[in-house]
Amino acid sequence: MIKAIMSDLIKKQILIGISGGIAAYKTAELVRQLIKKGANVRVCMTPSACEFITPLTLQALSGNPVHTDLLNRNAEAAMGHIELARWADLIMIAPTTANFMAKLAHGHAYDLLSTICLATQAPIHLAPAMNRMMWANIATQENRKVLINREYFVHDPADGEQACGEIGTGRMLEAQELASIIENMFTKKQPLSGYSVLITAGPTREAIDPVRFISNRSSGKMGYAIAKAAKALGAKVTLVSGPVALDAPAGVQRYLVESAKEMHHQAMTLAKTADIFIATAAVSDYSPAKISTQKIKKSTDILSLELHYNPDILFDVSHHYPDLFTVGFAAETENLINHAKQKLQRKKLNMIVANPVGNNKGFDKDTNQLEILWENGHISLPEDNKNKLAKELLLIISKHISKDS
Ligand code: PMT
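Overview of the structure. (Residues numbered from 1 in each chain as written. Predicted model: local features only at pLDDT ≥ 70, side-chain atom pairs only at ≥ 80, totals over all residues. Heavy atoms only, no water.)

1. Description of the nonpolar core
Generally speaking, soluble globular proteins have nonpolar side chains that are buried together. Residues Ile-226, Ile-278, Met-351, Ile-372, Leu-394 and Ile-397 are the most contacted members of the largest nonpolar core, which totals 34 residues. At the level of secondary structure, the elements contributing two or more residues to this core comprise strand S8 (196-201), helix H11 (221-232), strand S11 (236-241), strand S13 (276-279), strand S16 (325-332), strand S17 (351-356), strand S18 (367-374) and helix H15 (386-404). Look past the residues within four positions of Ile-397 in its chain and what remains in contact with it is Ile-276, Ile-278, Phe-325, Val-327 and Met-351. Listed in part, the 31 residues of the second largest apolar core include Leu-30, Ala-39, Met-45 and Phe-186. (Core = buried A, V, L, I, M, F, W, Y, C linked by side-chain atoms within 4.5 Å. Buried < 20%, exposed > 50% of the residue type's maximum accessible area, 1.4 Å probe, protein only. Helix = DSSP H or I, 4+ residues; strand = E, 2+ residues; numbered from the N terminus. Contact = heavy atoms within 4.5 Å.)

Here it is as structure tokens:
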């Protein structure tokens, strides 16, 4: 029996570029998955990519000849660089090496793949893969910024064990993840298409003097995972972030702030044009009444700080913008559900997401556990990766919004 393919990729023309990195072996699986979803796939490899995986493998998987040379008389007659640049509905370069990112950032055109990238109007997606130090290198990070500003879609590498034996950020995303990213680009109506989502994330810092501050353990991982997932589900995403060590997710507009007051100002301004507000930030409830202009000296055994209550961003946003769909997070060490329910009512929210913290949970972890509550309902999402939970939470929110509208 022939199984019908149900995919938004049917007959879409996808050009897969491969530059020379060990992760090229994963690209074979990516090509296989795209073909399975009904896409027409052509592959273009740089000369060094051919050292890692043979063009013959990609030819067999894609069912098309593989393109490797810029100056090839036969290729020019059939599918030269301009032809390929015009043919593609979307280009995905996987892996994108540090060297290839640098080439693109500087507009080089001395191999077929970089030449196509200059000549095409198709959206170009990059899946970088490299040693963690190469990824962290300021030159690579500067190139990344240049490329994002030029509207390349950069899908940052994941953390984990690397081919070189080191552990860190640099692993290319898995084939299945890349195939979904490509498919999502062609999905006409996504669950959050047409919605504008505003998210707060990370900690705030409340200055005591020019060198000290009050803060907390939030890493921003939960909020950034929600921002990334909201983007992937079709939303326009704006992120107001306290100081974290994370990069802005691709396609997300980020505003960096430090204190609760700055976050309050930014969120109140941006909420005007948002449809959904998700407050994942761990905002300091109090800040020093006075900020010393000079570094405070050790002069007494006991030093007391007078703290004043900070504005409650979520409370103010939900009260000023009653039409906005507001979602709070509740970080609790005890009575998770009861405390969360009280916040749901007191802050006039549409939904609250309670997560247990303390005992090495919640803060600065890759995993979380969510209890999602609204007026007459409750869903528990057991401990899982924050990226996965973020997507599930957003799908639940999207169902509530379509019910409301
Ligand atoms: O960043 P990670 O390391 O990934 O950790 C994620 C997290 C544990 C910080 C996150 O999942 C979380 O629970 N965030 C909310 C933390 C918190 O401050 O909870 P709260 O119960 O104190 O506040 C309730 C809600 O009011 C929150 O949505 C908070 O953003 C908001 N709030 C609180 C105080 C304030 N002045 N303004 C606010 O907007």
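Read on, since the account is not over.
2. As for the site of the ligand
Lining the immediate environment of the ligand, one finds 28 residues, of which Ser-219, Ala-281, Lys-343, Asn-355 and Asp-364 sit closest. In this structure, Lys-221 approaches the ligand through a main-chain N or O atom, which is 3.3 Å from an oxygen atom. Here Asn-355 contributes a side-chain N or O atom positioned 2.5 Å from an oxygen atom of the ligand. When the ligand sits alone it has 770 Å² of accessible area, and the protein chains cover 95% of it. Those elements that provide at least two residues to the shell around the ligand are H11, helix H13 (313-320) and S16. The greatest single-element share of the shell around the ligand, amounting to four residues, is contributed by S16. Considering only residue class, the shell around the ligand consists of 13 nonpolar, eight polar and seven charged. (Near = heavy atom within 4 Å. Polar contact = N/O pair within 3.5 Å; in protein donor to acceptor, adjacent residues only side chain to side chain. Areas by Shrake-Rupley, 256 points an atom, 1.4 Å probe, with all protein chains shown as cover. Nonpolar A, V, L, I, M, F, W, Y, C, P; charged D, E, K, R; others polar.)

3. Concerning the sheet that holds strand S12 (residues 253-256)
Strands sit in the order S12-S11-S8-S13-S16-S17-S18-S19 across an open sheet of eight strands; the sheet is mixed. Single-partner strands in this sheet number two, and they are S12 and strand S19 (377-385). Across this sheet, the average inter-strand angle for adjacent strands is 15°, counted without regard to direction. In the sheet, S16 pairs with S17 via six bridges, with the strands oriented parallel. (Pairing = 2+ DSSP bridges. Axes fitted to C-alpha atoms, helices over the stretch in contact; angles between N-to-C directions.)

4. Points about the pattern of salt bridges
Applying the stated criterion across every chain, the model contains 14 salt bridges. The partner of Lys-221 in a salt bridge is Asp-364, with the nearest N and O atoms 3.8 Å apart. Of this pair, Lys-221 sits in helix H11 while Asp-364 sits in the loop between S17 and S18, placing them 143 residues apart in sequence. As a salt-bridge pair, Lys-343 and Glu-332 come within 2.6 Å of each other at their nearest N and O atoms. One end of the pair, Lys-343, is in helix H14 (residues 336-346); the other, Glu-332, is in strand S16, and 11 residues separate them in sequence. Several salt bridges share partner residues, and in doing so they unite Lys-26, Arg-171 and Glu-174 into one network. (Salt bridge = Lys/Arg side-chain N within 4 Å of Asp/Glu carboxyl O.)

5. A look at the environment of Cys-44
Within the secondary structure, Cys-44 is located in strand S2 (residues 40-45). Distance in space between the C-alpha atoms of Cys-44 and His-339 is 56 Å, their sequence separation being 295 residues.

6. Quick word on unusual backbone geometry
A cis amide bond links Ala-94 to the next residue, Pro-95, at an omega of 0°. Residue position: Pro-95 is located in strand S3 (residues 90-96). In this structure, Glu-151 is a non-glycine residue whose phi angle is positive, near 70°. Topologically, Glu-151 is positioned in the loop between helix H9 (138-149) and strand S5 (153-154).

7. Overview of the side chain of Ser-7
With respect to the secondary-structure elements, Ser-7 resides in the segment before strand S1 (13-18). Here Ser-7 falls in the buried class, since its relative accessible area comes to 16%. Here the side chain of Ser-7 touches Leu-9 through a polar contact of 2.9 Å, landing on its backbone nitrogen. A polar side-chain atom of Ser-7 sits 3.1 Å from a polar atom in the side chain of Glu-183. Those residues in contact with Ser-7 that sit more than four places away from it in its chain are Lys-37 and Glu-183.

8. Some points on the packing of aromatic side chains
Following the criterion strictly, the structure yields one aromatic pair and no others. Measuring from centroid to centroid gives 5.4 Å for Tyr-286 and Tyr-309, while their planes differ by 65°, and the two rings are edge-to-face. A residue pair is termed long-range when its members are at least 10 positions apart, and Tyr-286 in strand S14 (residues 286-288) and Tyr-309 in strand S15 (residues 307-309) qualify at 23 residues. On the basis of relative accessibility, which here comes to 42%, the residue Tyr-286 falls in the partly exposed class. For Arg-42, the ring lying beneath its charged end belongs to Trp-87, and the centroid distance is 5.5 Å. (Phe/Tyr/Trp six-rings, centres within 6.5 Å; stacked < 30°, edge-to-face > 60°. Lys NZ or Arg CZ within 6 Å of the ring centre and 35° of its normal.)

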